[in-house]
Amino acid sequence: LSATTITAEWSKVDGADGYYIYNYNSSTKKYTQLATVSGAVSKQITGLTPGTVYNLSVAAYTKDTKTKTGAKSAKVKAFTKPKKVPIKSVTSPSSGKIKVSWSKPAGGVSGYQIVWYKDSQFKKKAAEKYISGSKTVTYTGKGFTKGNTYYVRVRAYKTIDGKKKYGAFSDSK
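So, here is what we can say about the structure in this document. Every chain is numbered independently, its residues counted from 1 as its sequence is written. It should be noted that, the model being predicted, local features are given only for residues of pLDDT at least 70 and side-chain atom pairs only at 80 or more, the latter also being counted only at that level, while totals for whole chains, interfaces and linings use all residues. As a rule here, side-chain values cover all heavy atoms of the structure and leave hydrogens and water aside.

Per the convention used, a helix needs a DSSP run of H or I reaching at least four residues, while a strand needs a run of E reaching at least two, with both numbered from the N terminus. Looking only at helices and strands, the protein has zero helices and 14 strands in total. What you see in the protein, going N to C, is helices and strands ordered as β-β-β-β-β-β-β-β-β-β-β-β-β-β. Against the 2.2 N^0.38 benchmark of 16 Å for 173 residues, the protein shows a C-alpha radius of gyration of 22 Å, more extended than a compact globule. The principal-axis extents of the C-alpha atoms in the protein amount to approximately 75 × 30 × 25 Å. For each residue, the accessible area found with a 1.4 Å probe, counting protein chains only, is set against the maximum for its type, and the residue is called buried under 20%, exposed over 50%, and partly exposed in between. With 173 residues in all, the protein has 36% of them scored as buried. Residue pairs at least 24 apart in sequence account for 60% of intrachain contacts in the protein once pairs closer than 6 positions are excluded. As a reference, a globule follows 2.2 Å times the number of residues to the power 0.38, and the radius of gyration itself is taken over C-alpha atoms. By definition, residues are in contact when any of their heavy atoms lie within 4.5 Å.

Turning next to the sheet that holds strand β12 (residues 138-142). Two strands qualify as a pair provided DSSP detects at least 2 bridges between them. Strand order in the open sheet made by the three strands is β8-β9-β12, with antiparallel pairing throughout. Across the chains shown, the open sheet's two edge strands, defined by having one partner strand only, are β8 (87-91) and β12. Put simply, the sheet's adjacent strands are angled 15 degrees from each other on average, direction ignored. In this structure, strand β9 (residues 97-102) lies alongside β12, joined through five bridges in antiparallel fashion. Across the sheet, residue V100 finds its bridge partner in β12, namely Y139. A fitted line through C-alpha atoms serves as each axis, taken over the contacting stretch for helices, and the angle formed by two N-to-C directions is quoted from 0 to 180°.

With that settled, consider the pairing of strand β10 (residues 111-117). Two faces make up the sheet, and in a regular strand the side chains alternate between them. Most of β10 sits out of view: seven of its seven residues are buried. Side chains G111, Q113, V115 and Y117 of β10 all project onto a buried face; the interleaved residues Y112, I114 and W116 project onto the opposite face, where all are buried too. With seven bridges joining them, β10 and strand β11 (residues 125-132) adopt antiparallel strand pairing. Counted as the bridge partner of Y117 is K125 from β11. As paired elements, β10 and strand β13 (residues 151-160) share seven bridges and run antiparallel to each other. In the strand pairing of β13, Y117 is matched with Y151.

A few words now on the layout of surface pockets. Here the largest pocket is characterised by a volume of approximately 180 Å³. Points on a 1 Å grid over protein atoms alone make up a cavity when a 1.4 Å probe fits among them but cannot get out, and a pocket when they form an open set with protein on both sides within 12 Å along at least five of seven lines; lining residues each have an atom within 4 Å of a point. I6, T7, A8, E9, W10, L56, S57, V58, S73, A74, V76 and A78 are the residues that line the largest pocket. Looking at the lining of the largest pocket, the elements with two or more residues in it are β1 (6-9), β5 (53-63) and β7 (76-79). For the lining of the largest pocket, the element with the highest residue contribution is β1, accounting for four residues. Throughout, the ten residues Ala, Val, Leu, Ile, Met, Phe, Trp, Tyr, Cys and Pro are labelled nonpolar, Asp, Glu, Lys and Arg are labelled charged, and all others, Gly among them, are labelled polar. When the residues that make up the lining of the largest pocket are grouped by side-chain class, the tally is eight nonpolar, three polar and one charged. Grid points are joined across faces, edges and corners, and a volume is the space filled by probe spheres set on the points.

Strand order in the open sheet formed by four strands is β11-β10-β13-β14, and the pairing between neighbours is antiparallel. Bordering the open sheet on either side are β11 and β14 (163-166), each of which pairs with just one other strand. Adjacent strand axes in the sheet meet at a mean angle of 30 degrees, parallel and antiparallel pairs treated alike. As judged from the four bridges shared by β13 and β14, these two strands associate in the antiparallel manner. Bridging from a neighbouring strand, K158 pairs with K165 of β14.

Below is the structure:
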């Protein structure tokens with residue numbers, strides 16, 4: 001599982017020469033072919049949109065005198081992680097406050113997690129904040145001790161079936 005890749009696996013169909021992998025778009029109620037596979041029963045599908053839910057379906061095909069496609073399988077939900085969030089800046093606008101600004105990553109995002117640490121190994125958490133929605137890209141944390149060094153990281157999440165699915169943390173600042 002990555003920001004742009006999903007691996008699909010299915011059971012072999014006797015007599016099949018290959019398989020088509022489709023994504024079902026529930027908005028348009030249409031299938032789009034994502035890949036063609038000959039002989040194998042798995043495929044790493046690349047070049048997908050980060051932070052996106054896919055409804056995958058597989059259909060076997062045979063090549064006799066012309067290609068014949070079997071029925072599509074039941075849809076299986078799969079998703080890509082949100083893309084890594086780039087931090088633009090970290091400043092201290094006033095005593096005890098640390099302001100973090102980041103760029104919205106490409107693809108789907110439901111919100112962000114910001115974590116401040118007291119150490120560069122990210123073992124001693126000083127504070128944490130969740131931001132709902134994708135539009136907010138700046139947050140000022142409060143209650144930090146003047147003169148201490150803090151390390152901050154940000155990561156995006158996508159809520160799928162009520163659970164947060166996280167992308168990679170940004171590089172720390």
